[in-house]
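Each chain, written out:
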Amino acid sequence: MASPQLENGYTRVANELLEAISRFPFNGSQLRLLLFLIRKTYGFQKKADAISISQWQGGTGLNRRTIIRELKNLESMNVIQTPHAE
């Protein structure tokens, strides 16, 4: 990533969302997960997406246990919603 250019792609994100994220005391893993989630949703003009653990791993560099734990934490903080099997 020597010279990132908008012509190579970008993600439009509402300022209100970025400001809310900046003010909240997320830990580093949570912030990495949120940024990846924004990329996989807003970046592809989606409101939701089914993201596999391997995609989370590749996109964040976090290990499986950390991803699962922190996604549960983000859900319990009402920051994200995850699908539940019925």
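Further up the page is the structure itself.
Everything numeric in this text was worked out from a predicted model, so none of it was measured.

S.K.: I keep staring at the nonpolar core and nothing clicks. Help me out?
M.R.: One recurring pattern in soluble globular proteins: nonpolar side chains tend to sit buried together. The biggest cluster of nonpolar side chains holds 14 residues, and the ones touching the most others in it are Leu33, Trp56, Ile67, Leu71 and Leu74. Residue assignment for this core shows that the elements contributing at least two residues are helix 2 (28-41) and helix 4 (64-76). Sorting elements by how many residues they give to this core places helix 2 first, with 4 residues. When neighbours within four sequence positions are excluded, Leu74 is seen to be in contact with Phe26, Gln30, Leu33, Leu34, Val79 and Ile80.

S.K.: I tried to follow unusual backbone geometry on my own but got confused; where do I start?
M.R.: Apart from glycine, the bulk of residues carry a negative phi angle, and the bulk of peptide bonds sit in the trans form. Despite not being glycine, Gln45 shows a phi value in the positive range, around 55 degrees. Positionally, Gln45 belongs in the loop between helix 2 and helix 3 (53-60). Assessed through its relative accessible area of 71%, Gln45 is described here as exposed. A positive phi angle, close to 60 degrees, is found at Asn78, a residue other than glycine. Along the chain, Asn78 falls in the segment after helix 4.

The rules behind the values
Residues numbered from 1 in each chain as written. Predicted model: local features only at pLDDT ≥ 70, side-chain atom pairs only at ≥ 80, totals over all residues. Heavy atoms only, no water. Core = buried A, V, L, I, M, F, W, Y, C linked by side-chain atoms within 4.5 Å. Buried < 20%, exposed > 50% of the residue type's maximum accessible area, 1.4 Å probe, protein only. Helix = DSSP H or I, 4+ residues; strand = E, 2+ residues; numbered from the N terminus. Contact = heavy atoms within 4.5 Å.

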